[in-house]
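Residue-level listing of the chains:
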Amino acid sequence: MIQIKRFPFNDFQVNTYVVYDETNECVIFDPGMYYENERNEFNQFISENGLKPVLLVNTHAHIDHIIANDFISKKYQIKLAAHKESEGFLKHAKEYGINFGIQLDEIKPIDTFISEEDTIKFGQSELQILYTPGHADGSLCFYAKNEGFVITGDVLFFQSIGRTDLPTGNYDLLQESIWEKLFTLPEKTTVYPGHGPETTIGYEKLHNPFVAIGKDLL
Ligand SMILES: [Zn+2]
Ligand SMILES: [Zn+2]
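Okay, so let's go over this structure. The model shown is predicted, which means the values in this text are computed figures rather than measured ones.

### Brief notes about the side chain of N69
Here comes step 1: Residue position: N69 is located in helix α3 (residues 69-76).
Here comes step 2: One polar contact links N69 to N58, side chain to side chain, over a distance of 2.8 Å.
Here comes step 3: If we skip the residues at most four places from it in the chain, N69 touches P31, L56, N58, L80, L90 and K108.

Laid out in structure tokens, this is it:
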């Protein structure tokens, strides 16, 4: 049985997720811990629960989601997995960081390119990968079929969707990703977004004002 822990980190309040099962192996998504106290809090959670990180994953490579890629991959000696299209963002991450007052010393390159054909494996568990561009090139969501949850990065939020005014953003493509990849999941699927509280696919279908508009366009 997979368990999931959410940490809202840094000034962007990015949700960093730790996903683990009964073997204690875990995967870390979008490491946003920037401040010393955030890093300590995270490391303490890992050690207190006896977790063994085996992989680091980025849902996409916007600056707020990749802040601690280098820190986490070094600390736990784990590889970074992300979609190949995220490379462009990483190449410019230092400049983006400066614009937002974030100092990144080193940019960790992607070790393993992942796409829809792959799965994330840890312990006795598995997550399916969904390719969901539109908010940013290379955006991926991660679906735990048996447990019924999906990690959506900045594609779908509680009553909102990802912005499309940043480089590589594409509104129509984002709507397509949401309708074809996420809204085809069972209604009771829990959504763990990149910012803000959790929700469900069924709730968002009914109440998300941004996707109701999108449905008419498709
Ligand atoms: Zn983003
Ligand atoms: Zn974000």
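### Here we look at the environment of G202
Here comes step 1: Relative to the helices and strands, G202 is located in helix α7 (residues 201-207).
Here comes step 2: You can call G202 buried: its relative accessible area is 11%.
Here comes step 3: The spatial distance from the C-alpha of G202 to the C-alpha of L182 is 10 Å, given a sequence separation of 20 residues.

### Concerning the coordination of the zinc ion (ligand 2)
Here comes step 1: Of the protein atoms, only D64 (OD), H65 (NE2), D154 (OD) and H195 (NE2) coordinate the zinc ion (ligand 2), at distances of 2.1 to 2.5 Å.
Here comes step 2: The site at the zinc ion (ligand 2) holds 4 donor atoms, and with the angles between them running 89 to 155°, its shape is irregular.
Here comes step 3: Here the donor residues for the zinc ion (ligand 2) map to a single chain with the spacing D-H-x88-D-x40-H.
Here comes step 4: The class for H65 is buried, based on a relative accessible area of 0%.

### Things to note about the packing of helix α1 (residues 36-48) against α3
Here comes step 1: Axis separation between α1 and α3 bottoms out at 13 Å; the angle between their running directions is 35°. Between α1 and α3 lies a crossing of right-handed hand. Note on element contacts: α3 touches α1 through F71, I72, K75 and Y76, opposite R39, F42, N43 and I46.
Here comes step 2: Residue composition of the contact of α1 with α3, grouped by class: 5 nonpolar, 1 polar and 2 charged.

### Comments concerning the coordination of the zinc ion (ligand 1)
Here comes step 1: Bound to the zinc ion (ligand 1) are the protein donor atoms H60 (NE2), H62 (ND1), H135 (NE2) and D154 (OD), situated 2.1 to 2.3 Å from the metal.
Here comes step 2: Considering all 4 donor atoms around the zinc ion (ligand 1), angles at the metal cover 90 to 166° and the coordination shape is irregular.
Here comes step 3: Site description for the zinc ion (ligand 1): donor spacing in sequence, H-x1-H-x72-H-x18-D.
Here comes step 4: In this structure the zinc ion (ligand 2) is found 3.5 Å away from the zinc ion (ligand 1), and D154 serves as a bridging donor for the pair.

### Quick word on the sheet that holds strand β4 (residues 52-57)
Here comes step 1: Spatially, 6 strands are ordered β1-β2-β3-β4-β5-β6 in an open sheet, and the strand pairing comes out mixed. A strand with exactly one partner marks an edge of an open sheet, and here the two such strands are β1 (3-9) and β6 (112-113).
Here comes step 2: The sheet contact formed by strand β5 (residues 80-82) and β6 spans 2 bridges and is parallel. Along β6, the bridge assignment pairs A82 with F113.
Here comes step 3: Across the sheet, α1 lies against β1, β2 (14-20), β3 (25-29) and β4, angled at about 170° from β1, the strand it touches most.
Here comes step 4: Sitting on the sheet, α3 touches β3, β4 and β5, and the angle it makes with β4 is about 150°.

Rules used throughout
- Residues numbered from 1 in each chain as written.
- Chains lettered and ligands numbered in written order.
- Predicted model: local features only at pLDDT ≥ 70, side-chain atom pairs only at ≥ 80, totals over all residues.
- Heavy atoms only, no water.
- Helix = DSSP H or I, 4+ residues; strand = E, 2+ residues; numbered from the N terminus.
- Polar contact = N/O pair within 3.5 Å; in protein donor to acceptor, adjacent residues only side chain to side chain.
- Contact = heavy atoms within 4.5 Å.
- Buried < 20%, exposed > 50% of the residue type's maximum accessible area, 1.4 Å probe, protein only.
- Donors = N, O, S within 2.8 Å, 3.2 Å for Na, K, Ca; no water.
- Tetrahedral: all angles 85-135°; square planar, octahedral: opposite > 155°, others 65-115°.
- Axes fitted to C-alpha atoms, helices over the stretch in contact; angles between N-to-C directions.
- Left-handed = near helix turned anticlockwise from the far one by under 90°.
- Nonpolar A, V, L, I, M, F, W, Y, C, P; charged D, E, K, R; others polar.
- Pairing = 2+ DSSP bridges.

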